[in-house]
Amino acid sequence: MSTETPMKIPRAGLIFTVVTLAFLLLYVGTNSFRSSSGSFSSSSFTSIFPSYFNYSTPPDSTLELEEILKNASTVNKTVILTTLNDAWASPGSIVDLFLKSFKLGDGTYKLLDHLVIVAMDQRAYTRCRIVHKHCYALVTNGVDFHQEAYFMTPHYLKMMWRRIDFLRTVLELGYSFVFTDADIMWFRDPFPRFFPDADFQIACDSFLGRSDDMNNRPNGGFNYVKSNNRTIAFYKFWYSSREKYPENHDQDVLNMIKFDPFISDIGLKIRFLDTAYFGGLCEPSRDLNVVCTMHVNCCIGMDRKLIDLRIMLQDWRAFMSLPPDLKNQSIISWRVPRNCSLKSVHHADSPGKD
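Along every chain, residues carry numbers that run from 1 in the direction the sequence is written. In view of the model being predicted, local features appear only for residues whose pLDDT reaches at least 70, and side-chain atom pairs are presented and counted only at 80 or more, with totals across whole chains, interfaces and linings using the full set of residues. Each side-chain value is worked out from all heavy atoms of the structure, with water and hydrogens disregarded.

The name that an unreviewed UniProt entry assigns to the protein chain is Nucleotide-diphospho-sugar transferase domain-containing protein, with the source organism given as Hibiscus syriacus.

Dropping the structure here:
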């Protein structure tokens, strides 16, 4: 017995050492992978090991978001943001046309370096990793956003309000942003058309002629917001107002609260963007020589949107192929809306978002 005991102790110690080293190497390897992945968020593990992570919010998601924003931002801490779910992420769908517009636009290709696609579900995130370099997985526990959101359904409203809350987080991290729906085509750099002294500026469904006219009808699908105490307070107020106006989406609530004394109390400067530069199907930009963006708004249903988006890109290509003298004559105009129309907006049973 006494001769066997000295042999057993070293063997047990050796086994313990080997197991400890194995776990240590696994830990170091995992963290090395995470730290060397650039904009590859560690929430990416949800797509690699979905059964383990079940696409739940990781505890350091804010740190991951900040790293992605840092990688994508301009020198003055500004990013371009869009949200994406699986319904709009499939090959040949809206996200592909959205990215294509940056490549076809006049001076817009470089802006892709500053675009962050915020994926609302796991499949959208996986698709984003294929087509773009800055992707962030925005997780909402207990909610699955992968299906196309039917306009004004509870599912749609949750997705819209989740977006507002997320944008408030971006502002709190110190980043200004241009938010753009993915069904907006980017044809020119919009930054020269923004007001330098405004806190919050937003596109319109209907522009009445003056940027400071609070009766303009805003469209929440495109806005430029500077990060400061006023805009952070405003986004908190906007988000909390959903409780005062239940069953309304963010855009309708904005129309209600824009006259609230709270806006003037905090000193928020709002400006509305002219549809001559930031147009849409509700009110198209007529002059292709100055248009910056065109939104397929006033249109319900992804299939309708896709048809008109493709026609819009064809029209832009035709315009860009003209010699300068013919461009100035404005001989080409939009052929849209074709499948979209104001009438289709009233079909509440149709899928899509405005």
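### What to know about unusual backbone geometry
The criterion, for reference: Helix and strand assignments come from DSSP, with helices taken as H or I runs of at least 4 residues and strands as E runs of at least 2, each series counted from the N terminus. Between buried and exposed lies partly exposed: a residue is buried under 20% and exposed over 50% of the maximum accessible area for its type, with that area taken using a 1.4 Å probe on protein chains only.
Val336 connects to Pro337 through a cis peptide bond whose omega is 5 degrees. In this structure, Pro337 sits in the loop between α13 (324-328) and α14 (342-345). In this structure, Lys77 takes a positive phi of about 60 degrees despite not being glycine. Within the fold, Lys77 resides in the loop between α4 (61-72) and β1 (78-84). Its identity is not glycine, yet Ser330 carries a phi of approximately 55 degrees, on the positive side. Structurally, the position occupied by Ser330 is in the loop between α13 and α14. Classification of Ser330 by relative accessible area gives partly exposed; the value is 38%.

### What to know about helix α12 (residues 302-320)
Because the α-helix completes a turn every 3.6 residues, residues three or four places apart line up on one side. Heads up, the condition is: To estimate how far a helix should extend, the number of its residues minus one is multiplied by 1.5 Å. Residues are treated as being in contact if the distance between any of their heavy atoms lies within 4.5 Å.
The end-to-end C-alpha distance of α12 is 27 Å, a good match for the 27 Å that 19 residues give at a rise of 1.5 Å each. If you check which residues of α12 are buried, you get Met302, Lys305, Leu306, Asp308, Leu309, Ile311, Met312, Leu313, Asp315, Trp316 and Phe319. Summarising the contacts, the buried residues of α12 are in contact with α5 (86-89), α6 (94-104), β5 (184-186), β10 (293-295) and α13.

### A look at the sheet that holds β10
Our working definition: Here, any two strands with at least 2 DSSP bridges between them count as paired. In this description, a line fitted to the C-alpha atoms serves as the axis of each element, helices being fitted only across the stretch in contact, and the angle between N-to-C directions of two axes falls anywhere from 0 to 180 degrees.
The sheet built from 3 strands is open, its strands ordered β5-β10-β9 with mixed pairing. Bordering the open sheet on either side are β5 and β9 (278-280), each of which pairs with just one other strand. Adjacent strand axes in the sheet meet at a mean angle of 20 degrees when their direction is disregarded. Two strands pair when backbone bridges link them, and β5 and β10 are joined in this way by 3 bridges, in the antiparallel orientation. Residue Trp186 lies in a different strand from β10, and its bridge partner there is Thr293.

### Here's the deal with the packing of helix α9 (residues 229-240) against helix α10 (residues 250-257)
The test is simple: Any angle that falls under 35 degrees is termed roughly parallel, while one over 145 is termed roughly antiparallel, one within 65 to 115 roughly perpendicular, and all others oblique. Left-handed describes a crossing in which the near helix is turned anticlockwise from the far one by less than a right angle; the clockwise case is right-handed.
Orientation of α9 relative to α10, taken along the N-to-C sense of each, is 110 degrees, at an axis distance of 10 Å. Between α9 and α10, the interaxial angle falls into the category roughly perpendicular. Judged by the twist between their axes, the crossing of α9 over α10 is right-handed. Contacts between α9 and α10 involve Phe234, Phe237 and Trp238 on the former and, on the latter, Asp250, Val253, Leu254 and Ile257.

### Comments concerning the packing of aromatic side chains
Short version of the rule: Under the pairing criterion, centres of Phe, Tyr and Trp rings, with the six-membered ring standing for Trp, must be within 6.5 Å; the plane angle then separates stacked pairs below 30 degrees from edge-to-face pairs above 60, leaving the rest tilted.
Throughout the structure, instances matching the rule amount to 22 aromatic pairs. Ring plane angle 85 degrees and centroid distance 5.4 Å describe the contact between Phe191 and Phe194, whose orientation is recorded as edge-to-face. On the accessibility criterion, Phe191 (26% relative accessible area) is partly exposed. Judged by centre distance (5.9 Å) and plane angle (80 degrees), the ring pair of Phe191 and Tyr224 falls under edge-to-face. On the criterion of sequence distance, the pair formed by Phe191 in the loop between β5 and β6 (200-206) and Tyr224 in strand β7 (residues 217-225) is long-range, its members being 33 residues apart.

### Topic: the environment of Leu171
Along the chain, the position of Leu171 falls in helix α8 (residues 154-172). Residues Leu171 and Val225, spaced 54 residues apart in sequence, show a C-alpha to C-alpha distance of 8.3 Å. Those residues in contact with Leu171 that lie beyond four places of it in its chain are Phe177, Val225, Lys226, Ser227, Thr231, Ile232 and Tyr235.

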